[in-house]
Amino acid sequence: MANHPPVEAYDELDSTNAEARRRAEAGEAGPVWITARLQTAGKGRRGRTWSTQRGNLAATLLTLTDRPPAEAAQLSFVAALAACDLADTCLGAGAARLKWPNDVLIHGRKAVGILVESGTRPDGRLWLAVGVGVNLAHAPQDVERPATAFAEHMSGLPPEPLAALDVMATAFERWRKVWSTTGFAAIAAGWTERATGLGQRCEARLPNRSVSGVAEGMDADGALRLRLDDGGLERITAGDVFFGGRDAAGN
């Protein structure tokens, strides 16, 4: 028996998150992992496109929760830790680092994208689509930040997407149980242990302005604490973070 929800695998979908949304809006509850070998219209955070070629992993967990939206959003950090575990399994412990909020970097380059979407059902419960895209075999070239794939750091072949999903979904379930039984503090601690950029200068590009300072750490609700030059503290709850005045990946 697998230690995670069932997996439904497709050869091609427009987007695994879009499929999860369609099912949720039709009343399906999950939990189920939806995966496709090829995504024709994948998307990332803030409306960006996310390309999935054959050999890479595109998967979305459709599930329900009774938690309020702000707490439910913490599952994005659970997904980041699970993807980090997958990277460590394939590439060796410590190969992957996390950049706030949920980018998984390998040697400073983005290898995983995470997008959590949600909606309210007629019964008032929240459905969640936790989407994870992993560059196993291929890295996109036409992106604003340098990307990499697991294959670039392995002597052998990268894992098949379904095998990778089995590892990641098992890790996700393990972290999710920690989150549901002990709360977010344990997730925040696990994230901090693998975080990159803490104690470094960074620029946070928010929806309507940019602020600069030193990244101090993550608050109990997942916000990034940014110590400003005037000594004030800014809590970043949404936006993109860039370190060292260069690209966030350090390039």
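### So, the nonpolar core
No. 1: Formed by 55 residues in total, the largest nonpolar core has its most connected members in Val134, Met168 and Phe172.
No. 2: With eleven residues, the single largest contributor to this core is helix H3 (residues 75-91).
No. 3: Residues contacting Val134, with those up to four places away along its chain left out, are Asn56, Leu57, Leu86, Ala111, Val112, Phe150 and Met168.
No. 4: Listed in part, the ten residues of the second largest apolar core include Ala24, Val32, Leu64 and Trp127.

### Re the side chain of Asn17
No. 1: Following the sequence through the fold, Asn17 ends up in helix H1 (residues 16-25).
No. 2: Classification of Asn17 as buried rests on a relative accessible area of 6%.
No. 3: Apart from residues lying up to four places away in sequence, Asn17 is in contact with Thr60, Leu115, Glu117, Ala129, Val130 and Gly131.

### Details of the environment of Arg145
No. 1: Here Arg145 shows up in the loop between strand S7 (126-134) and helix H4 (161-182).
No. 2: Taking C-alpha positions, Arg145 is 27 Å from Glu19, a pair spaced 126 residues apart along the chain.

### Some details on the layout of surface pockets
No. 1: Taken as a whole, the second largest pocket spans an internal volume of roughly 520 Å³.
No. 2: Lining the second largest pocket are 25 residues, with Ala73, Ser76, Phe77, Pro101 and Thr237 positioned closest to its centre.
No. 3: Residue assignment for the lining of the second largest pocket shows that the elements contributing at least two residues are helix H2 (69-72), H3, strand S6 (109-120) and S7.
No. 4: Among the elements that make up the lining of the second largest pocket, the one with the highest residue count is S6 (five residues).
No. 5: Among the residues forming the lining of the second largest pocket, the class breakdown is 14 nonpolar, seven polar and four charged.

### Section: the sheet that holds strand S12 (residues 240-243)
No. 1: Strand order in the open sheet made by the five strands is S11-S10-S9-S8-S12, with antiparallel pairing throughout. Both outer strands of the open sheet, strand S11 (233-236) and S12, are each paired with one neighbouring strand and no more. The mean angle between the axes of side-by-side strands here comes to 45°, regardless of whether they run parallel or antiparallel.
No. 2: In this structure, strand S8 (residues 201-205) lies alongside S12, joined through four bridges in antiparallel fashion. When the bridges of S12 are listed, Arg205 appears paired with Asp240.

### Focus on the packing of H3 against H4
Packed helix pairs are specified by the crossing angle of their axes together with the interaxial distance, meaning the distance between the axes.
No. 1: Contact geometry of H3 with H4 gives a least axis separation of 8 Å together with a crossing angle of 135°. On the basis of the axis angle, H3 is oblique to H4. In this structure, the crossing between H3 and H4 has a hand that is right-handed. On H4, the residues that touch Leu75, Val78, Ala79, Leu81, Ala82, Ala83, Asp85, Leu86 and Thr89 of H3 are Ala164, Val167, Met168, Ala171, Phe172, Arg174, Trp175, Arg176 and Trp179.
No. 2: Class assignment of the residues belonging to the contact of H3 with H4 gives a composition of 14 nonpolar, one polar and three charged.

Conventions we followed
Residues numbered from 1 in each chain as written. Predicted model: local features only at pLDDT ≥ 70, side-chain atom pairs only at ≥ 80, totals over all residues. Heavy atoms only, no water. Core = buried A, V, L, I, M, F, W, Y, C linked by side-chain atoms within 4.5 Å. Buried < 20%, exposed > 50% of the residue type's maximum accessible area, 1.4 Å probe, protein only. Helix = DSSP H or I, 4+ residues; strand = E, 2+ residues; numbered from the N terminus. Contact = heavy atoms within 4.5 Å. 1 Å grid on protein atoms, 1.4 Å probe; cavity = no way out; pocket = protein on both sides within 12 Å on 5 of 7 lines; lining within 4 Å. Points joined across faces, edges and corners; volume = space filled by probe spheres on them. Nonpolar A, V, L, I, M, F, W, Y, C, P; charged D, E, K, R; others polar. Pairing = 2+ DSSP bridges. Axes fitted to C-alpha atoms, helices over the stretch in contact; angles between N-to-C directions. Parallel < 35°, antiparallel > 145°, perpendicular 65-115°, else oblique. Left-handed = near helix turned anticlockwise from the far one by under 90°.

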